[in-house]
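For reference, the chains in residue letters:
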Amino acid sequence: MQSAQTSLENIRKDFPILGRTVRENKTLVYLDNASTTQKPNQVIDAINDYYKNHNANIHRAVYALAEEATELYEKTRDKVANFINVKNRNEIIFVRGTTEAINLVAYAWGRSHIKEGDIIVTTEYEHHSNIVPWQLLTQEKKAKLEYIGMDDNGELILEDLDRLLSTGKVKLVAFSLMSNVLGTISDTDAIMDKCKKAGVLTLIDGAQAVPHMKVDVEKLGCDFFAFSGHKMLGPTGIGVLWARKSVLETMTPFHGGGDMIREVHKYETTWNDLPYKFEAGTPNIADVVGFGAAIDYLTKIGMDNIRQHEVDLTKYAIEKLSNVKGLHIYGTKEISKRGGVISFNFADVHPHDVAQIIDEEGIAIRSGHHCAQVLMERLNVAATSRASFYIYNTKEEIDKLVDSLNKVARIFKL
Amino acid sequence: MSNADIYHEMIIDYSRNPINYGKIEDHDVTFHDSNPLCGDSIDIDMKIDDNTVSDIKFHGKGCAICMACSSVLTEIAKGKSIDEVKNITKKDVLGELGLENLQAVRIKCALLSLKVLKYALYSYLGKHLENNQDVDKLKEEAANLY
């Protein structure tokens, strides 16, 4: 216990932003990690070092700098493959983030594989990034978008999936490993089992899961897997699409341009090998390097330790928040089925007002629809307040959150 | 002004017991808009007789700031001539509640209903007036409110 405390203190020292104050000299309590995480010195320094010492365009030039830059960039591809347990590094495609990854699939796979009458299945607790690309695709192709519903406990109703699969028209099931609003961890084994039996492709949105728990893509057995760097200590503007090679080979390019070609003639072009066929233009080299440093940092701490820390915090927070009068927590209370994301509403007080009043105490939580309006409709609310944790958060910070919520109760005379 | 100070008595009261809240079934004009970032959503119904806003109601979902400002705005507009309502400004609404220094991120909460009101008038006048110059100015004003 003592050593865990010490290591938490050491972790916090790596994050310069956690030392600053906000508003009227209040120590920052950052609880919006489902949205984006703070960055340790190791990541900031890696980006700095890249620009100060190695900056050049990659893959083509023969001079020393270009060779170093290429090596740094490609090393991160190996780190990613290792981190999510993918055997073939050429199946890792760097993109801007989860949103771009899913759009890439909707465009480069969807446009050549989806026909009129086909069905794409998503779920009621998806982020807009796993809904809107499918709306665009199905509308264009006169196909249909269907939903796996969510029960009152915040878990998916898998009978909906059975019913949809039995039509024989489903071509893709796209779902998140962890809900960004409720923190629910999807029953991936059951979903994958059903989809495999039906011979249907699967896309997993790992944006909320990869930063917080050990994810083994090979074991998951899906066909597409997407996640973002900035939610796992990395910089913004970098993310990953992994796709099975046999599927990637049936796809047309996403963007046309430099680096994705083999030969360009006046009226025709042949494509570069994987993964470069899907990485057109000069990529976000510096942030890929920073992302590599983030993976190193997480690997050093250990994903199982991170999950355990968040389980402890979430348990503690649910217990404390349950005692705040008028506060309602959404989703399952079973810790093994949820991550460190807690959405709540507070009597009749709008989440915006909650967030603003506790901001006064230096506490950053999110209020709004969290890019999940379909889920808000299902919960029949306009918005929720959301606190989400990461490796640097402490029980003392949760106490501060609870204190500040009591202040909200006083102001609104609850 | 401290940010928590905006939650004074009047705001809390209006948010709990908004005035002019509801629908006008036989309205002459109705308009709806929402804030894409926070999901606040407001509808305004108006009854217009002899170029005067004889009745106005709003309904929807929003934070305390949004509800209080909608209450105040509808109270200002009620009984006024169309020309007077056209000239209602941000300051009129914010001033009434002491929100002149509201931080930028909350301005859209405070002014959503004013935007809806301007659009509603635009929609009404567009149908009833020949001179479109005035109407376009109103639309532009509504679009650039915040």
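Computed from a prediction, not measured in an experiment: that's the story for all the values here.

Criteria and thresholds
- Residues numbered from 1 in each chain as written.
- Chains lettered and ligands numbered in written order.
- Predicted model: local features only at pLDDT ≥ 70, side-chain atom pairs only at ≥ 80, totals over all residues.
- Helix = DSSP H or I, 4+ residues; strand = E, 2+ residues; numbered from the N terminus.
- Rg over C-alpha atoms; globule rule 2.2 N^0.38 Å.
- Buried ≥ 20, exposed ≤ 12 C-beta atoms within 10 Å, placed from the backbone.
- Contact = placed C-beta atoms within 7 Å.
- Axes fitted to C-alpha atoms, helices over the stretch in contact; angles between N-to-C directions.
- Parallel < 35°, antiparallel > 145°, perpendicular 65-115°, else oblique.
- Left-handed = near helix turned anticlockwise from the far one by under 90°.
- Nonpolar A, V, L, I, M, F, W, Y, C, P; charged D, E, K, R; others polar.
- Domains from an automatic or database assignment.
- Pairing = 2+ DSSP bridges.
- pLDDT = per-residue confidence, 0-100.
- Arc of directions from axis to C-beta.

(A) Geometry of the overall build of chain B. Of regular secondary structure, chain B possesses 6 helices and 3 strands. The C-alpha atoms of chain B give a radius of gyration of 15 Å, which matches the 15 Å a tight globule of 146 residues would have. Judged by the C-alpha coordinates and their principal axes, chain B covers about 50 × 30 × 25 Å. Counting over 146 residues, chain B shows a buried share of 40%. Once local pairs closer than 6 in sequence are excluded, the contacts in chain B between residues at least 24 apart make up 62%.

(B) Structural context of the overall build of chain A. Assigned secondary structure in chain A consists of 14 helices and 17 strands. A compact globule built from 414 residues would reach a C-alpha radius of gyration of about 22 Å, and chain A, at 22 Å, matches this within 12%. Reported as C-alpha extents along the three principal axes, the dimensions of chain A are approximately 70 × 55 × 35 Å. Relative to its 414 residues, chain A shows a buried fraction of 49%. The contacts of chain A with a sequence gap of at least 6 include a subset with a gap of at least 24, amounting to 71%.

(C) Representation of the packing of helix α4 (residues 98–113) of chain A against helix α5 (residues 132–141) of chain A within the structure. Residue and element names in this part refer to chain A. Viewed as axis vectors pointing N to C, α4 and α5 meet at an angle of 20°, and their least axial separation amounts to 9 Å. On the basis of the axis angle, α4 is roughly parallel to α5. Seen along the crossing, α4 lies across α5 with a hand that is right-handed. From α4, I102, N103, A106 and G110 reach across to α5, where they touch P133, W134, L136 and L137. Its residues assigned to classes, the contact of α4 with α5 shows 6 nonpolar, 2 polar and no charged.

(D) The arrangement of the domain arrangement of chain A in detail. All names here are of chain A. For chain A, the domain assignment lists domain 1 (2–30 + 302–411) and domain 2 (45–299). Averaged C-alpha coordinates put domain 1 and domain 2 at centres separated by 28 Å. At the junction of the two partners, domain 1 supplies 23 residues and domain 2 supplies 22 residues. Secondary-structure elements contributing two or more residues to the side of domain 1 that touches domain 2 are α11 (303–322), β14 (341–346), α13 (373–379) and β17 (384–388). The biggest single contributor to the side of domain 1 that touches domain 2 is α11, with 5 residues.

(E) Quick peek at the interface of chain A and chain B. Contacts between chain A and chain B engage 15 residues on the former and 15 residues on the latter. Counting residues per element, the ones that place at least two in the side of chain A that touches chain B are α12 (351–359) and α13 of chain A. The dominant element in the side of chain A that touches chain B, judged by the number of residues it contributes, is α12 of chain A, at 5 residues. Of the residues contributing to the side of chain A that touches chain B, the split by class is 6 nonpolar, 6 polar and 3 charged.

(F) A look at the sheet that holds strand β16 (residues 366–368) of chain A. Residue and element names in this part refer to chain A. Spatial strand order, β13-β14-β17-β16: 4 strands in an open sheet with antiparallel pairing. In this open sheet, the two edge strands, each paired with only one partner strand, are β13 (327–329) and β16. Each neighbouring strand pair of the sheet contributes to a mean axis angle of 30°, computed without reference to strand direction. Bridge analysis of β14 against β17 gives 4 bridges, and the strand direction is antiparallel. Counterpart to F344 in the pairing with β17 is S385. α11 contacts β13, β14 and β17 of the sheet and is inclined by roughly 10° relative to β14.

(G) Structural view of the confidence of the model for chain B. Across chain B, the average pLDDT comes to 89, with 95% of residues at 70 or higher. Reported confidences for the modelled complex are a pTM of 0.90 and an ipTM of 0.71.

(H) Fine view of the environment of M46 of chain B. Residue and element names in this part refer to chain B. For M46, the location among the structural elements is in strand β2 (residues 41–49). Residues M46 and E25, spaced 21 residues apart in sequence, show a C-alpha to C-alpha distance of 9.6 Å. Once residues lying within four places of it in the same chain are set aside, the contact partners of M46 are H27, D28, V29, V53, I56 and A120.

(I) View of the environment of F175 of chain A. Residues and elements named next belong to chain A. The topology assignment puts F175 in strand β7 (residues 170–176). The exposure class assigned to F175 is buried, which follows from the 25 C-beta atoms found within 10 Å. Sequence-wise, F175 and L203 are 28 residues apart; in three dimensions their C-alpha atoms are separated by 6.4 Å. If we ignore the near neighbours within four places in the chain, the residues touching F175 are T122, T123, S186, I191, I204 and D205.

(J) Molecular detail of α5 of chain A. Residues and elements named next belong to chain A. Considered for burial, the residues of α5 that qualify are P133, W134, L137 and T138. Each buried residue of α5 sits inside an arc of 120° when the element is viewed along its axis, so together they form one side. Opposite the buried face of α5, at more than 90 degrees from it, the exposed residues are Q139 and E140. Elements that come into contact with the buried residues of α5 comprise α4, β5 (119–123), β6 (144–148) and β7. Just beyond α5, the residue with positive phi is K142, at close to 55°.

(K) Molecular detail of the packing of helix α6 (residues 158–165) of chain A against helix α7 (residues 188–198) of chain A. Residues and elements named next belong to chain A. For the pair α6 and α7, the least separation of the axes is 11 Å and the interaxial angle reads 5°. Regarding the angle of α6 to α7, the classification is roughly parallel. Here L158, L161, D162 and L165 of α6 lie close against α7, whose contacting residues are A190, I191, K194 and A198. For the contact of α6 with α7, the residue count by class is 6 nonpolar, no polar and 2 charged.

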